[in-house]
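Chain residues, written in single-letter form:
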Amino acid sequence: MRSEDSMKAIEPLIARPREAGLLLLGFKAWAAPAAPDSELSLREELAPNSTRAVWDLRHGDTARVAVTATEHASVRHALKALASELEANQLAELPLGPPDIGEVSFVHPDNVPPAVFFVRGNLTLGVYSFGRERVDVVPFARRVDAELLARPRDAREGGVDITFDNGGLRAKPRWSGADGYVKVLAPGADLRKDGELIAGATGEAEVFYVEPGRETYSTKVKR
Amino acid sequence: MQLEEVQFNHDPASASHDAFTICRDKTSGAIVAPEWRRTPYKREPAAYARDAISAPVTIKARFSGGPQNGTRKIRAIDANEPGEQSGCGCLAFLASLIAKLVNAVFGTIGEVVAKDVTFNGSGNSGLETFTLNSPWLGPNGFISKRNTVWRWQYQQGGSWVDFDTSDHTIYVVLDLPNLPWVQSGDATQLPWAIALDQACGWAVAKKTKDDAAAAITLAVNRVPNVTYTPMTMFGSSDYQLASYLTHLAGPAFIMNCTDCADAVTTLANLVGCNLAEGQFFNMQTKPFLTLAGDPNNAAAWVTFGWNYHEICWLNDYSSNTVWDGCLQLDMSNNPGVHVAQLPAKMTFNAGNANDYKPRLIASGPGTLNTFVRHRRVV
């Protein structure tokens, strides 16, 4: 899909004031919530800041779902990157996806294996029917999106050290594993990653350290 | 007496008389001779480029435990060479024939020609150069991955005495790998042994570059657990070859034309071909047989409105010669009847109705991109 075409839907979103206040650092595709009755079968580091996870559904290996996640500096960067990523899609036209998925989403038409491409926070994500058996991936994409957007429940206070530096803040989890990631929620803020700094966090922000299967930690900051 | 080490790529600057430089994978760095060493234990593969060889091929070897201040004539022969036919009758003949055939394709690369080796006062030799007598590195050579097992012998009183064995994985390709593969510079782009495994398997026994490219195109198209998707799954800036090789060995997965063009170009060029990836834009296709499709399944004949399609070109666009592992064209002129043809060394467009472009495109310009490329492997 030509970026000129996808940008018709994406451009207005880039221009709009950003208030979602969501930034994810170190997110891996396999940290996405698993599909029901599935098993994580593959995790891949595709490129710096880009990962793919594949789940086998049911008991066979012909029905599979894959998620790719690529981290960008900000939601604006992610929106532009989505247009660039969709250039690697052969189809001349991609329908817009459900409006409740991502900042914007595109889907595959019916005649090819289902896929959803969307932006949430500073991530571009792809959710694919990856095996021979076609799987409706819209519900899965919706669940991944909701998880990314949600404030983690039952987070224990503390555990993330926050320091202020050059107008931004630096978040350092006291304990971190290979699969953990940092989620910053700052309603109304235009968050962006500037090297290792989190910039744009005005007002109140909550910084979470999330590692699947482990306790989540959080620290509140106010500027 | 025992063998201490064997060197195949003993001259990394050249492939004219020894092996060329490879690595195991993108993170391993170059494999440096000796490829075989007793202590500390080392076993690494080696690879030869048939058409790059212009002088007698040599290896280097070192020994210990020899006669102090003495000399011994040493050689190595194929430890797995099938013996004479045992028994009589058709079955015995057939078994012997199969054993010889398997050994010819997958067996020992050749024999190490005997030479006198001098030992010092401690019974150690220096690093000695031996000539490798191999029919498979000459004009009759073909693509193969050879399990070479040598029985090392010294001569004593007119007869040969076994003193050691060594085993080696040897790849034979048609010519030096071409881009994205290199022989110097970025070590991640040295030919990967894990990719040679795949390419030499798919193009085994092929003697010409055209045959090798066709075999790899066919193999990419017929991977049994793959399904076509329009989205590039293995990278559009770099080619995620390591990921592709992982998925080939696993359950079902999906890929598109860019992934197929990358696979064909990268693996064909690894065995010495000269292909490049090139795109053309804006088209509505005629019915074609989708990736790994069954020509007898009507649903496998599909059409698409594509912004782009990517295929492999011989050298560049000027060759007008293409390979496409992603689809099979319909060569039939009769409605309702399909005749599938895998595009392998096909003319792209020379005004003939059976050329690639008119067989694929129903409408739209199919405008060529301005450049071809060889994506870096990661």
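Residues numbered from 1 in each chain as written. Chains lettered and ligands numbered in written order. Predicted model: local features only at pLDDT ≥ 70, side-chain atom pairs only at ≥ 80, totals over all residues. Heavy atoms only, no water.

Q: Pulling in residues and values, what's your account of the overall build of chain B?
A: The secondary structure content of chain B amounts to 6 helices and 22 strands. The proportion of buried residues among the 378 residues of chain B is 54%. In chain B, the proportion of contacts linking residues at least 24 apart, taken out of those at least 6 apart, comes to 72%. In the form shown here, chain B has an accessible surface area of approximately 14,800 Å², with 51% of it arising from carbon and sulfur atoms. (Helix = DSSP H or I, 4+ residues; strand = E, 2+ residues; numbered from the N terminus. Buried < 20%, exposed > 50% of the residue type's maximum accessible area, 1.4 Å probe, protein only. Contact = heavy atoms within 4.5 Å. Areas by Shrake-Rupley, 256 points an atom, 1.4 Å probe, with all protein chains shown as cover.)

Q: Residue-level account of the interface of chain A and chain B, with values.
A: Contacts between the two partners involve 26 residues from chain A and, on the opposite side, 30 residues from chain B. Carbon and sulfur atoms supply 58% of the area that chain A and chain B bury against each other, a total of about 2,300 Å² over both sides. Looking at the side of chain A facing chain B, the largest losses of area belong to Q90(A), F130(A) and R132(A), adding up to 31% of the total buried there. Applying the counting criterion to the chain A and chain B interface returns 0 salt bridges. Where chain A touches chain B, the interface holds 16 residue pairs in polar contact (both at pLDDT 80 or more). Put simply, the parts of the chain that give the side of chain A that touches chain B at least two residues each are β2 (38-47), β3 (50-57) and β7 (123-129) of chain A. Looking at which element gives the most residues to the side of chain A that touches chain B, the answer is β2(A), with 3 residues. For the side of chain A that touches chain B, a count of residues per class yields 12 nonpolar, 6 polar and 8 charged. (Buried area = accessible area lost by both parts, 1.4 Å probe. Salt bridge = Lys/Arg side-chain N within 4 Å of Asp/Glu carboxyl O. Polar contact = N/O pair within 3.5 Å; in protein donor to acceptor, adjacent residues only side chain to side chain. Nonpolar A, V, L, I, M, F, W, Y, C, P; charged D, E, K, R; others polar.)

Q: Tell me what's going on with the pattern of salt bridges, and back it up with residues and numbers.
A: Applying the stated criterion across every chain yields a total of 32 salt bridges over all chains. Residue R174(A) is joined to D161(A) by a salt bridge in which the shortest nitrogen-to-oxygen separation is 2.8 Å. With a gap of 13 residues between them, R174(A) in the loop between β10 (168-173) and β11 (181-185) and D161(A) in strand β9 (residues 160-165) connect regions that are remote in the sequence. Taking the shortest distance from any N to any O, the salt bridge between R151(B) and D162(B) comes out at 3.1 Å. Pair noted here: R151(B) is in strand β9 (residues 144-156) and D162(B) is in strand β10 (residues 159-173), with a separation of 11 residues, a long-range link. Taken together, the shared-partner salt bridges connect R2(A), E4(A), D5(A) and K8(A) into one network.

Q: Tell me what's going on with the domain arrangement of chain A, and back it up with residues and numbers.
A: All names here are of chain A. Entries for chain A in the domain assignment read domain 1 (3-149) and domain 2 (156-222). For domain 1 and domain 2, the distance between their C-alpha centres works out to 23 Å. Carbon and sulfur atoms make up 51% of the area that domain 1 and domain 2 hide from each other, which totals about 1,600 Å². Three residues, G21, L23 and L25, lead the burial of domain 1 against domain 2; their summed loss comes to 35% of the area buried on that side. If you look at where domain 1 meets domain 2, you find 3 salt bridges. Between R76 and D190 there is a salt bridge, with its nearest N and O atoms 2.8 Å apart. Inspection of the region where domain 1 meets domain 2 yields 12 residue pairs in polar contact (both at pLDDT 80 or more). (Domains from an automatic or database assignment.)

Q: Just give me the short version of the environment of V116(A), but keep the residues and values in it.
A: Residues and elements named next belong to chain A. Structurally, the position occupied by V116 is in strand β6 (residues 115-120). Since its relative accessible area comes to 0%, V116 is described here as buried. Spatially, the C-alpha atom of V116 lies 35 Å from that of G159, the residues being 43 residues apart in sequence. Setting aside residues no more than four positions away along its own chain, V116 makes contact with I101, S105, F106, V107, L125, G126, V127, V137, V138 and A141.

Q: Describe the sheet that holds strand β1 (residues 2-7) of chain B, and please don't skip the residues or the numbers.
A: Residues and elements named next belong to chain B. The mixed open sheet is built from 10 strands, whose spatial order is β3-β2-β1-β5-β8-β7-β6-β9-β10-β4. Here the strands that pair on one side only, and so sit at the sheet edges, are β3 (42-43) and β4 (46-49). Across 2 bridges, the pairing between β1 and strand β2 (residues 36-37) is antiparallel. If you follow V6 over to β2, its bridge partner there is W36. Contacting β4, β9 and β10, helix α2 (residues 193-202) runs over the sheet at an angle of about 85 degrees to β10. (Pairing = 2+ DSSP bridges. Axes fitted to C-alpha atoms, helices over the stretch in contact; angles between N-to-C directions.)

Q: Could you give me a rundown of helix α3 (residues 138-149) of chain A, with the residues and numbers involved?
A: All names here are of chain A. For α3, which comprises 12 residues, the first-to-last C-alpha distance of 16 Å matches the rise-based estimate of 16 Å (1.5 Å per residue) to within 8%. Looking only at α3, the buried set comprises F140, A141, V144, D145 and L148. Looking straight down α3, one finds that the buried residues subtend no more than 135 degrees of arc, so they occupy a single side. Considering only its buried residues, α3 is in contact with β1 (22-25), β3, β4 (64-71), β6, β7 and β11. (Expected span 1.5 Å × (residues − 1). Arc of directions from axis to C-beta.)

Q: Explain the environment of S14(B) to me, using residue names and the numbers behind them.
A: Residue and element names in this part refer to chain B. With respect to the element layout, S14 can be found in the loop between β1 and β2. Taking the relative accessible area as the measure of exposure, S14 reaches 18% and is therefore buried. Taking the C-alpha atoms as reference points, S14 and A215, 201 residues apart in sequence, are found 28 Å from one another.

Q: Help me get a handle on the pairing of β6(A), residues and values and all.
A: Sheet faces and side chains relate simply in a regular strand, where the side chains alternate between the two faces. All names here are of chain A. Most of β6 is tucked away, with 6 of its 6 residues classed as buried. What you see with β6 is no split at all: A115, F117 and V119 on one side and V116, F118 and R120 on the other are buried throughout. Relative to β6, strand β5 (residues 105-107) runs antiparallel, the two sharing 3 bridges. Paired with V107 across the two strands is V116, which belongs to β6. Pairing geometry for β6 and β7, over 6 bridges, is antiparallel. Residue pairing across strands places V116 opposite V127, the latter belonging to β7. Following β6, the chain reverses through 2 residues before pairing antiparallel with β7; G121 in that reversal takes a positive phi of roughly 60 degrees.

Q: Describe the layout of surface pockets, naming the residues involved and giving the relevant values.
A: Of the volumes computed, that of the largest pocket is approximately 640 Å³. In terms of lining, the largest pocket is formed by 28 residues, of which the most central are S50(A), E85(A), G235(B), S236(B) and Q240(B). Elements supplying a minimum of two residues to the lining of the largest pocket: β2, β3, β4, α2 (75-86) and β7 of chain A. Looking at the lining of the largest pocket residue by residue, the class counts come to 13 nonpolar, 11 polar and 4 charged. (1 Å grid on protein atoms, 1.4 Å probe; cavity = no way out; pocket = protein on both sides within 12 Å on 5 of 7 lines; lining within 4 Å. Points joined across faces, edges and corners; volume = space filled by probe spheres on them.)

Q: Residue-level account of the nonpolar core, with values.
A: Core analysis: the biggest nonpolar cluster contains 102 residues, and L241(B), Y244(B) and Y356(B) have the highest contact counts within it. Ranked by residue count, the leading element in this core is helix α5 (residues 257-270) of chain B, at 8 residues. Dropping the residues within four chain positions of it, L241(B) is found in contact with W181(B), W192(B), A195(B), T266(B), L267(B), V377(B) and V378(B). Residues W55(A), V116(A), V135(A) and A141(A) belong to the second largest nonpolar core, which totals 32 residues. (Core = buried A, V, L, I, M, F, W, Y, C linked by side-chain atoms within 4.5 Å.)

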